[in-house]
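# Notes for the structure review
The residues making up each chain are set out below.
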Amino acid sequence: MTDRTRESGRLDAGELRRRTADLLVSCPPAETAPLDFLRARFDAGLAWVHFPQGLGGLDAPRALQVVVDAELEAAGAPDNDPRRIGIGLGMAAPTILRFGTDEQKRRFLRPLWTGEEVWCQLFSEPGAGSDLAALATRAVRDEDGTGWVVDGQKVWTSGAHQARWAILIARTDPELPKHRGITYFVCDMTDPGVEVRPLRQITGEAEFNEVFLTGVRIPDAHRLGAVGEGWKVAQTTLMNERVAIGGARQPREGGMIGVAARAWRERPGARTHDLHQRLLRHWVDAEVARLTGERLRQQLAKGHPGPEGSGMKLAFARLAQQISGWEVEFLGEDGLAYDDWTLRRPEGVDFTGRQAGYRYLRAKGNSIEGGTSEVLLNIVAERVLGLPPEPRTDKDAAWKDLPR
Ligand SMILES: Cc1cc2nc3c(=O)[nH]c(=O)nc-3n(C[C@H](O)[C@H](O)[C@H](O)COP(=O)(O)OP(=O)(O)OC[C@H]3O[C@@H](n4cnc5c(N)ncnc54)[C@H](O)[C@@H]3O)c2cc1C
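These remarks concern the structure in this document.

Conventions we followed
Residues numbered from 1 in each chain as written. Predicted model: local features only at pLDDT ≥ 70, side-chain atom pairs only at ≥ 80, totals over all residues. Heavy atoms only, no water. Helix = DSSP H or I, 4+ residues; strand = E, 2+ residues; numbered from the N terminus. Rg over C-alpha atoms; globule rule 2.2 N^0.38 Å. Buried < 20%, exposed > 50% of the residue type's maximum accessible area, 1.4 Å probe, protein only. Contact = heavy atoms within 4.5 Å. Areas by Shrake-Rupley, 256 points an atom, 1.4 Å probe, with all protein chains shown as cover. Phe/Tyr/Trp six-rings, centres within 6.5 Å; stacked < 30°, edge-to-face > 60°. Near = heavy atom within 4 Å. Polar contact = N/O pair within 3.5 Å; in protein donor to acceptor, adjacent residues only side chain to side chain. Nonpolar A, V, L, I, M, F, W, Y, C, P; charged D, E, K, R; others polar. 1 Å grid on protein atoms, 1.4 Å probe; cavity = no way out; pocket = protein on both sides within 12 Å on 5 of 7 lines; lining within 4 Å. Points joined across faces, edges and corners; volume = space filled by probe spheres on them. Pairing = 2+ DSSP bridges. Disulfide = S-S within 2.5 Å.

On to the overall build of the protein. Secondary structure summary: the protein contains 13 helices and 8 strands in total. The C-alpha radius of gyration computed for the protein amounts to 23 Å, which stays within 12% of the reference 22 Å derived for 404 residues, consistent with globular compactness. Considering only C-alpha atoms, the protein reaches an extent of 70 × 55 × 45 Å along its principal axes. Looking at the protein as a whole, 50% of its 404 residues are labelled buried. Within the protein, counting contacts between residues at least 6 apart in sequence, those at least 24 apart form 70% of the total. Looking at the protein as shown, the accessible area adds up to about 19400 Å², and 53% of this sits on carbon and sulfur atoms.

Below is the structure:
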């Protein structure tokens, strides 16, 4: 350790580089199976450096993760395919870290990070999307009082067909107002009572599913947070979700704006003055959003995400729709071509690897998934700007008495 590190008690960039180099010596990427490398990386505390020791981290400043990532990338080390395990990394992990017991953290975080266990999110229901606290899926204590039995239906569950575990919210007390009678669980997707049915999207793919829960058993040891406190726990998930969707790190001209700018450079014949003006505006907006994302990540390094993440996700959705619309228009007839209409079950969203038509159709979901733009505007208005809240007449009524 350097003197400065020793004094502050926290690891600095130099120390993290040294530990990364040690990992590369003990597990040379070219000679180590990818999963073994990822497990060793987690055990060395280099998975998410800001997590506690023993849970994939070193209690180091979050901002130093980039140092480790850059060294490992340069050495050709395997990554854990964040696109495939985005819900686990972005939503389940921060929630388990904050609300989980020591045993839950030890059991779930390592295979979550290495990608051995994929996670999905059983939140939305028919009739409880934006108004998530209205959810009707029930969890009741089982006969011997050691666990819970869950019945209900969830919808739009991305990746449920690949998931080993789910984060689930369910109603445990219908007598209480809707926000207070909810409890948060980890649900075993291999339970015989879990049925997953694909839902085909406008893109032709089925990223998400309907999930029917019939007599699903959940041990009490898989409850996250206190009984009836599920709404509070879910807020952590939702705030992290917005950052996970809207706040991915991008290089300048990365992502969709990069694809559009390349198309512009390659097709001088399709250029018009109007398209030029609009592309420039989108480019500037994309750069502003990228830099705002950087600032948000710096804030995040100091604590948990706040409601500001909703603004980031809003900007991401608006831009994705505008740029993909621009691209389809710019490409003319080619923009209307569609590459693959078979019902596929992809492992994630491929915004830059597919054609313009795919980007255009998939971007429609950006203003719905992870909270609709209208609801995020409400959050920004109320919790960032402090404007008067929407009238909520059902706030204090028992959930069982609400009209449905
Ligand atoms: C691609 C995709 C992936 C998804 N993945 C998951 C997943 O993995 N897990 C999961 O649990 N859910 C998932 N969802 C569900 C998503 O979170 C919900 O669709 C979303 O929260 C909206 O809920 P809803 O569809 O019930 O629409 P509703 O809530 O019925 O909204 C309908 C319309 O009314 C508007 N509206 C509603 N309330 C207000 C209000 N107070 N003020 C102003 N306007 C309002 C909405 O903005 C919207 O335009 C996914 C959705 C998509 C599109």
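A few words now on the packing of aromatic side chains. The relative placement of two aromatic rings is captured by the distance of their centres and the angle of their planes. By the definition in use, this model includes 13 aromatic pairs. Geometrically, the ring pair formed by F42 and W113 is tilted, given 6.3 Å between the ring centres and 45 degrees between the ring planes. Of this pair, F42 sits in helix α3 (residues 34-43) while W113 sits in helix α6 (residues 102-114), and the two are 71 residues apart along the sequence. Look at F42 and you get buried, because its relative accessible area is 4%. The class for W113 is buried, based on a relative accessible area of 4%. Here the aromatic rings of W326 and F330 are separated by 4.9 Å at their centres, their planes lie at 15 degrees, and the arrangement is stacked. A residue pair is termed a helical-turn pair when its members lie 3 or 4 positions apart in one helix, as W326 and F330 do in helix α10 (residues 308-331) at 4 residues.

Neighbouring residues of the ligand: 19 residues in total, closest S124, S130, W156, T372 and E374. At 2.6 Å, a side-chain N or O of T372 approaches an oxygen atom of the ligand. Taken by itself the ligand offers 970 Å² of open surface, and the protein chains cover 69% of this. Per element, the largest residue contribution to the shell around the ligand is 3 residues, and it comes from helix α13 (residues 373-384). Looking at the shell around the ligand residue by residue, the classes come out as 5 nonpolar, 10 polar and 4 charged.

With that settled, consider the layout of surface pockets. Space inside the second largest pocket adds up to approximately 260 Å³. Taken together, 13 residues form the lining of the second largest pocket, with T292, R295, E308, G311 and M312 sitting closest to its centre. Put simply, the parts of the chain that give the lining of the second largest pocket at least two residues each are α9 (273-301) and α10. For the lining of the second largest pocket, the element with the most residues is α9, which contributes 7 residues. Residues that form the lining of the second largest pocket fall into these classes: 6 nonpolar, 3 polar and 4 charged.

Across the 7 residues of strand β5 (residues 182-188), 6 count as buried, placing the element largely inside the fold. Inspection of the sheet shows strand β4 (residues 165-171) paired to β5 by 7 bridges, in the antiparallel sense. Pairing of A170 across the sheet is with T183, part of β5. Note that β5 and strand β8 (residues 223-224) share 2 bridges and pair antiparallel. Among the inter-strand pairings, Y184 is bridged to a residue of β8, identified as L224.

This part takes up the state of the cysteines. Where two cysteines share a covalent bond between their sulfur atoms, that bond is called a disulfide. In the structure shown here, the tally under the stated rule is 0 disulfides. Cysteine C120 shares no disulfide, and the gap to the nearest cysteine sulfur, in C187, comes to 7.7 Å. What makes C120 buried here is its relative accessible area of 0%.

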